[in-house]
Amino acid sequence: MADGLILAIDAMGGDDAPDVTVAGAELFVAARPSARVRLHGDETKLASLLSKATERIEIVHTDLAITSDMKPSQALRRGKGSSMWNAIEDVKAGRAHASVSAGNTGALMAISMLVLRKMDGVHRPAMTAAWPTLRGRSVVLDVGANLEADAAQLVTFAIMGEAYARAILGIEKPTIGILNIGSEEMKGHDEIREAHELLRNSDLDLDYHGFIEGDDISTGTVDVIVTDGFTGNVALKAGEGVARMLGTRVREALTSNILSKVGAVLAIGGLKQLREQMNPSNVNGGVLLGLGGVSVKSHGGTDAKGFARACELAADLANSHFREEVAHNLNKIRQKGIAAE
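Residues numbered from 1 in each chain as written. Predicted model: local features only at pLDDT ≥ 70, side-chain atom pairs only at ≥ 80, totals over all residues. Heavy atoms only, no water.

Trainee: What is the right way to look at the side chain of Ser-112 in this model?
Mentor: By the secondary structure assignment, Ser-112 is in helix H5 (residues 105-116). Among the polar contacts made by the side chain of Ser-112, one reaches the side chain of Ser-295 at a distance of 3.0 Å. Among residues more than four places away in sequence, those in contact with Ser-112 are Ile-88, Arg-117, Leu-288, Leu-291 and Ser-295. (Helix = DSSP H or I, 4+ residues; strand = E, 2+ residues; numbered from the N terminus. Polar contact = N/O pair within 3.5 Å; in protein donor to acceptor, adjacent residues only side chain to side chain. Contact = heavy atoms within 4.5 Å.)

Below, the structure written as structure tokens:
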């Protein structure tokens, strides 16, 4: 597939669409000479934004777009024919191998589930996030798709997260941990403890580490962090807030007086490296795992570089054996009688 990969892009979704989505699509095709893109949206607006005509970027016109304030139920009732819906429909119909949108998260989840359906054995898809760590990057899921998760769902998240980490991070045997309030086995609520026992005693060939705590996420103790969507989303937003605060404080400290400014000049190389590591554009893109196709959510406020990164993520996942690996282990847990309610 690598030589003929096609992405379907919701060009009208996002805070700064379609400017950012078109620019991001151009960056993506420039980095992947064999890839093609189907841009869904207002043809007049999109054509005027393309820096040059290319056969590898096709515009698919529609006047309709999902707004940022539209509820998921409204999107399902009124969203058919919109740029978001049509991009996802491309994947279902086989016209594209993956879709990317920076639009309304709730609408994207609802439409993706309706159009692409769920994989056999998946009760609810999970949203992933890539988390910068001292060792590189980790995968956290769920970060918002499911406020609650029972033990069987957490096991499913572990299966999907492990295969996802192998496909995207290139880790042959990703380690897995369940986020808890302590590492001791008696800590946490019943669902977490039950999921812990299921994973510890399974024959899924997973490298299960056990419970981890919040401070383990950024240190990179494990490659895959499993939790419910409420906890994962709070942790993600808290981490983003701390990163922004640290960036502001470092900048203030380095510009407070003439000596600190001189020090900043001397440390410019290290500071650039730190800024690159903390740049959200480099880890942009969350995937709805557990669907019958690849649907990637870009951050709504991303820049062109970040949107291109989300496109690259979608391409990498479409080119992987992720879904086959997940289906194999889901079949195993069904045979063992472990099924999400």
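Picking up where we left off.
Trainee: Got a minute to help me understand the environment of Ile-181 in this structure?
Mentor: By the element assignment, Ile-181 lies in the loop between strand S7 (175-179) and helix H7 (190-200). Among the residues examined, Ile-181 registers a relative accessible area of 66% and is labelled exposed. Note: C-alpha distance between Ile-181 and Val-37 (144 residues apart in sequence) is 44 Å. Among all residues touching Ile-181, those that are not within four sequence positions of it are Lys-187, Gly-188 and Glu-213. (Buried < 20%, exposed > 50% of the residue type's maximum accessible area, 1.4 Å probe, protein only.)

Trainee: In this structure, what is going on with the environment of Ala-165? I would like to understand it.
Mentor: Take Ala-165: it is sitting in helix H6 (residues 151-169). In this structure Ala-165 comes out as buried when scored by relative accessible area, which is 0%. Between the alpha carbons of Ala-165 and His-61 there is a distance of 35 Å; along the sequence they are 104 residues apart. If near-sequence neighbours (up to four positions away) are discounted, Ala-165 is found in contact with Val-139, Gly-170, Ile-171, Pro-174 and Val-224.

Trainee: Before we go on, may I ask you to explain the layout of surface pockets in this structure?
Mentor: The rolling of a water-molecule-sized probe over the atoms marks out the regions of remaining empty space. Of the voids in this model, the second largest pocket is the one considered here, and its volume is about 220 Å³. The wall of the second largest pocket is formed by 14 residues, among which His-189, Ile-192, Thr-227, Asp-228 and Thr-231 lie closest to the centre. Looking at the lining of the second largest pocket, its residues break down into five nonpolar, five polar and four charged. (1 Å grid on protein atoms, 1.4 Å probe; cavity = no way out; pocket = protein on both sides within 12 Å on 5 of 7 lines; lining within 4 Å. Points joined across faces, edges and corners; volume = space filled by probe spheres on them. Nonpolar A, V, L, I, M, F, W, Y, C, P; charged D, E, K, R; others polar.)

Trainee: Quick question: what am I supposed to make of the pattern of salt bridges here?
Mentor: A side chain of one charge can pair with a side chain of the opposite charge when the charged atoms of the two come close. The final tally for this structure, using the stated rule, is twelve salt bridges. Of the charged contacts in the structure, one is a salt bridge between Arg-32 and Asp-316, with a shortest N-O distance of 2.6 Å. One end of the pair, Arg-32, is in the loop between helix H1 (19-31) and strand S2 (36-41); the other, Asp-316, is in helix H12 (residues 304-318), and 284 residues separate them in sequence. Taking the shortest distance from any N to any O, the salt bridge between Asp-90 and Arg-95 comes out at 2.6 Å. Since its relative accessible area comes to 1%, Asp-90 is described here as buried. Linked by salt bridges that have partners in common, Arg-38, Glu-58, Asp-90 and Arg-95 make up one network. (Salt bridge = Lys/Arg side-chain N within 4 Å of Asp/Glu carboxyl O.)

Trainee: Would you mind showing me how to read the sheet that holds S7 here?
Mentor: Strand pairing within a sheet occurs via backbone hydrogen bonds; the two strands may be parallel or antiparallel. Strand order in this open sheet of eleven strands is S3-S2-S1-S4-S11-S10-S5-S6-S9-S7-S8, and the pairing throughout is mixed. Either end of the sheet is taken by a strand with one partner, and the two such strands are strand S3 (57-61) and strand S8 (207-212). On average, adjacent strands in this sheet sit at an angle of 25 degrees to one another, irrespective of strand direction. The pairing of strand S5 (residues 126-133) with strand S6 (residues 136-141) spans six bridges and is classified as antiparallel. Bridged to Thr-128 within S6 is Leu-141. Contacts between H1 and the sheet are confined to strand S1 (6-10), S2 and S3, with S2 contributing the most and set at about 170 degrees to the helix. Running over the sheet, H6 touches S5, S6, S7, strand S9 (224-226) and strand S10 (286-289) and is turned about 150 degrees from S6. (Pairing = 2+ DSSP bridges. Axes fitted to C-alpha atoms, helices over the stretch in contact; angles between N-to-C directions.)

Trainee: What's the story with the environment of Leu-259 in this structure? I'm lost.
Mentor: Residue position: Leu-259 is located in helix H10 (residues 258-266). With relative accessibility at 68%, the residue Leu-259 sits in the exposed group.

Purely geometric stuff here, so don't read any function into it on its own.
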